[in-house]
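# Observations on chain architecture
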Amino acid sequence: SSSAARFVLDLAPRTTALRALVASFFAPLLFYVPTLSGAGYWLDGDEFVAVGATLGISHPPGHPLYAVLTRAVQLLPLGDLAFRTALGSALALALTSVLLCGVALSLFARLGETGAGGALLAFGAAACASLTQPSWFQAVRPEVYALASAAAAAVLYGLASGRLVLAAFAFGLVQLLFIVNVFW
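For clarity, every value in this text was computed on a predicted model and none was experimentally measured.

Further remarks concern the overall build of the protein. Scanning the protein for helices and strands turns up eight helices and zero strands. For the protein, buried positions account for 41% of its 184 residues. At a minimum sequence separation of 6, the contacts of the protein that also span at least 24 residues come to 69%. Split by element, the accessible area of the protein, about 9,600 Å² in all, is 74% carbon and sulfur.

Glancing now at the nonpolar core. Inside soluble globular proteins, nonpolar side chains tend to come together where they are buried. If you look at the biggest cluster of nonpolar residues, it comprises 25 residues, and the most contacted ones within it are Tyr32, Leu36, Tyr66 and Leu177. Of all the secondary structure elements, the ones that give two or more residues to this core are α1 (2-32), α4 (81-110), α7 (145-160) and α8 (164-177). Sequence-distant contacts of Leu177, defined by excluding residues within four places in its chain, comprise His63, Leu65, Tyr66, Val144, Leu147, Ala148 and Ala151. Core analysis: the next-biggest nonpolar cluster, separate from the first, contains eight residues, Ala20, Ala104, Leu105 and Ala119 among them.

This next bit is on the environment of Leu81. Residue position: Leu81 is located in helix α4. Judged by its relative accessible area of 29%, Leu81 falls in the partly exposed class. Taking the C-alpha atoms as reference points, Leu81 and Arg71, separated by 10 residues in sequence, lie 9.5 Å from one another. Look past the residues within four positions of Leu81 in its chain and what remains in contact with it is Val49, Ala53 and Gln74.

Our focus in this paragraph is the side chain of Glu143. Checked against the element boundaries, Glu143 lands in the loop between α6 (133-139) and α7. In this structure, Glu143 is in contact with Asp44, Phe48, Tyr66, Ser89 and Gln138, ignoring residues within four places of it in sequence.

All right, on to the environment of Ser130 then. One can find Ser130 in helix α5 (residues 116-130). Placed 99 residues apart in sequence, Ser130 and Phe31 show a C-alpha to C-alpha distance of 9.9 Å. Not counting the four nearest positions on each side in its chain, Ser130 is found in contact with Pro28, Tyr32, Ser97, Ser135 and Trp136.

Taken N-terminus to C-terminus, the directions of helix α3 (residues 64-74) and α8 make an angle of 90°; their axes are 6 Å apart at the nearest point. For the element pair α3 / α8, the angle class is roughly perpendicular. Contacts between α3 and α8 pair Pro64, Leu65 and Tyr66 from the former with Leu173, Leu176 and Leu177 from the latter. Per-class residue counts for the contact of α3 with α8 are six nonpolar, no polar and no charged.

Turning next to the packing of α4 against α5. α5 packs onto α4 with a crossing angle of 145° between their chain directions and a minimal axis gap of 8 Å. As α4 packs across α5, the resulting crossing turns out to be right-handed. On the side of α4, the interface is formed by Ser97, Leu100, Cys101, Ala104, Leu105 and Phe108, while α5 contributes Gly118, Ala119, Leu121, Ala122, Phe123, Ala126, Ala129 and Ser130. Of the residues that constitute the contact of α4 with α5, the class distribution is 11 nonpolar, three polar and no charged.

Per-residue pLDDT for the protein averages 83, and the proportion of residues at 70 or more is 87%. When pLDDT is averaged over each helix and strand of the protein, the minimum, 74, is found for helix α2 (residues 45-54) and the maximum, 93, for α4. Within the model, pLDDT remains below 50 along residues 4-11, and this stretch shows zero contacts once partners closer than five positions in the same chain are excluded.

What follows concerns a nonpolar patch on the surface. On the surface, a nonpolar cluster with roughly 290 Å² of combined accessible area is contributed by Leu18, Val22 and Phe26. Residue position: Leu18 is located in helix α1.

Cut-off values and rules
- Residue numbers run consecutively from 1 along every chain, following the written order of its sequence.
- Residue-level local features of this predicted model are given only where pLDDT is at least 70; pairs of side-chain atoms are given and counted only at 80 or more, and the full residue set underlies all totals for whole chains, interfaces and linings.
- Calculated side-chain values reflect all of the structure's heavy atoms, with hydrogen atoms and water omitted.
- Strands here mean DSSP runs of E at least two residues long; helices mean DSSP runs of H or I at least four residues long; both are numbered from the N terminus.
- A 1.4 Å probe rolled over the protein chains alone gives each residue an accessible area, and that area as a share of the maximum for its type sets the label: buried under 20%, exposed over 50%, partly exposed in between.
- Note on contacts: a residue pair is in contact if any heavy atoms of the two residues lie within 4.5 Å.
- Every accessible area reported is derived by Shrake-Rupley at a probe size of 1.4 Å, with residue values counting cover from the shown protein chains alone.
- Buried Ala, Val, Leu, Ile, Met, Phe, Trp, Tyr and Cys residues form a nonpolar core when they are joined through side-chain atoms within 4.5 Å.
- Note on geometry: axes are C-alpha line fits, over the in-contact stretch for helices, and angles between N-to-C directions span 0 to 180 degrees.
- Here roughly perpendicular refers to angles of 65 to 115 degrees, roughly parallel to angles under 35, roughly antiparallel to angles over 145, and oblique to all remaining angles.
- Gly counts as polar in this scheme, as do all residues outside two lists: the nonpolar Ala, Val, Leu, Ile, Met, Phe, Trp, Tyr, Cys and Pro, and the charged Asp, Glu, Lys and Arg.
- Two helices that cross are described as forming a left-handed crossing if the nearer one is turned anticlockwise from the farther one by less than a right angle, and a right-handed crossing if clockwise.
- On a scale of 0 to 100, pLDDT captures the predictor's confidence in every residue.
- Patch definition: residues with relative accessible area over 30% and no salt bridge; like charges joined within 9 Å; nonpolar side chains (Val, Leu, Ile, Met, Phe, Trp, Tyr) joined within 5 Å.
- What counts as a salt bridge is simple: a side-chain nitrogen of Lys or Arg found within 4 Å of a carboxyl oxygen of Asp or Glu.

Now the structure itself:
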């Protein structure tokens, strides 16, 4: 009986953190998806739609990982290619939000705050980052920046949580996505 109670008490903070992570994914999507661009938009948007459809090479530096991941999203049976490509950006920014929530949860855990308060603050931090106009703008159009943000957030998550192999791997992904990135 006491071991069952201890298990439930140990599980409660993880459940609260999991809820914050899930909310950090779906809350931005509620804002991004209704406003997704149904066209290539402007600047490089049409080019990135074509890159995903043909697995071609975009302007320098080429963005090879973006091309492959965009192609995978374009296989979904939803809307036209431009919409699906923009959906990939929205999913990438939602993943960025989850990773930023994970960074905040890791930092709060180091401070000893593993309860609902820390989870709520972590969700709030992720929401503040993902629901700004610049984040929204990158999430609703076919562009490489959303995926680069997710990779950069994965680096931060790896560092904050002590998962250095993940941080190093994600840093390598950043280089495959966007050579001129936030780390230079």
